Amino acid sequence: MDELKDVLLLATKEAGKIILQYFNTAFKIDHKEGINNLVTEVDKLSEDKIIEVIRAAYPAHTIISEEVGELIQSSDYQWIIDPIDGTVNFAHGIPICCVSIGLMHFNELILGAVYNPMMDELFLAERGKGATLNGMPISVSAKRDFKTACLVTGFPYKWPDNTEHPIKVFERIVLEGLPVRRLGSAAIDLCWVACGRFDGFWEYNLNAWDVAAGYLILLEAGGKITDFDGAVYNVFEKETLATNGLIHEQMLKVIRKK
Ligand code: IPD
Ligand code: CA
Ligand code: CA
């Protein structure tokens, strides 16, 4: 496991250096599937570097990465990569974005790293061994009272089912007078619940690369994550509700569709 962790950290740090180097500079920006869903040349540079580092150590491992898709190999290991989570922030010079890399073994997440190079914050988790921020153990908040919770959410760029549900949930929570933030990086949202800055996060229509690393970091920090019905979470599904565990039932009541 130490060798896998070293490769994970090397890939994360190398990609972080690229993001930092290009932050607030002029770089090429393209649009994908919708006018505000951006991809920059830096996403691709970051992704190339991550894949290069992983391939050099583990040429046969499967890679699922946002911009290149799935590079299938005959392996029980799957690296799930978001080369920049929070690309819209990155493109606007907003320092809330990160590299996010999760590693699955036999379909179970075993390692996760999320690194925001602008804040120099590295979140790391290993299954069964807890979660850390820059090497210090982290845990979710102790907030029990939903009415005084501080929450974070995000909205999809596309509305595949034309559902109004995300807006309705947002409306319900805001009308209860709760502070809700929208940071623009699902991986950072999950990590900020993991370290107690937020008490809960929900979002509809995320992809595995947005959540894989943050999911393990949250679990290892003592948090709870389910779908919007309270059922077992799967990073390949579309509903994400992550909390400190203590406000989970109350969040479910607000969020449930029926
Ligand atoms: C996005 C971010 C954002 C979320 C979007 C994602 P990207 O990822 O995680 O917070 O609301 O749904 O697509 O495009 O910046 O990698
Ligand atoms: Ca993403
Ligand atoms: Ca991305």
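Rules used throughout
Residues numbered from 1 in each chain as written. Chains lettered and ligands numbered in written order. Predicted model: local features only at pLDDT ≥ 70, side-chain atom pairs only at ≥ 80, totals over all residues. Heavy atoms only, no water. Donors = N, O, S within 2.8 Å, 3.2 Å for Na, K, Ca; no water. Helix = DSSP H or I, 4+ residues; strand = E, 2+ residues; numbered from the N terminus. Buried < 20%, exposed > 50% of the residue type's maximum accessible area, 1.4 Å probe, protein only. Polar contact = N/O pair within 3.5 Å; in protein donor to acceptor, adjacent residues only side chain to side chain. Contact = heavy atoms within 4.5 Å. Pairing = 2+ DSSP bridges. Axes fitted to C-alpha atoms, helices over the stretch in contact; angles between N-to-C directions.

(A) Region of the structure containing the coordination of the calcium ion (ligand 3). Summarising the metal site, the calcium ion (ligand 3) is bound by the protein donors Glu 66 (OE), Asp 82 (OD) and Ile 84 (O), whose distances to it range over 2.2 to 2.3 Å. The motif formed by the donor residues of the calcium ion (ligand 3), counted along the single chain, is E-x15-D-x1-I. Taken as a pair, the calcium ion (ligand 3) and the calcium ion (ligand 2) show a spacing of 3.7 Å, with Asp 82 coordinating each metal. Within this pair, whereas Glu 66 is found in the loop between β3 (62-65) and β4 (69-71), its partner Ile 84 is found in strand β5 (residues 77-85), the two being separated by 18 residues in sequence.

(B) Region of interest: the side chain of Ser 65. Note that Ser 65 resides in strand β3. On the basis of relative accessibility, which here comes to 0%, the residue Ser 65 falls in the buried class. Engagement of the side chain of Ser 65 in a polar contact is seen with the side chain of Glu 47, the distance being 2.4 Å. Residues within four places of Ser 65 in sequence aside, it is in contact with Glu 47, Ile 51, Ile 81, Pro 83 and Trp 209.

(C) How the structure looks around the sheet that holds strand β15 (residues 239-243). Reading across from one edge, β12-β11-β13-β15-β14 is the order of the 5 strands in this open sheet, with mixed pairing throughout. The sheet terminates laterally at β12 (180-181) and β14 (224-226), the two strands that pair on one side only. Across 2 bridges, the pairing between strand β11 (residues 151-153) and β12 is parallel. Of the residues in β12, the one forming a bridge with Leu 151 is Val 180. Against the sheet, helix α6 (residues 208-220) engages β14 and β15, with an angle of about 135 degrees to β14. Contacts from helix α7 (residues 248-255) reach β11, β13 (200-204), β14 and β15, with the element oriented near 145 degrees to β15.

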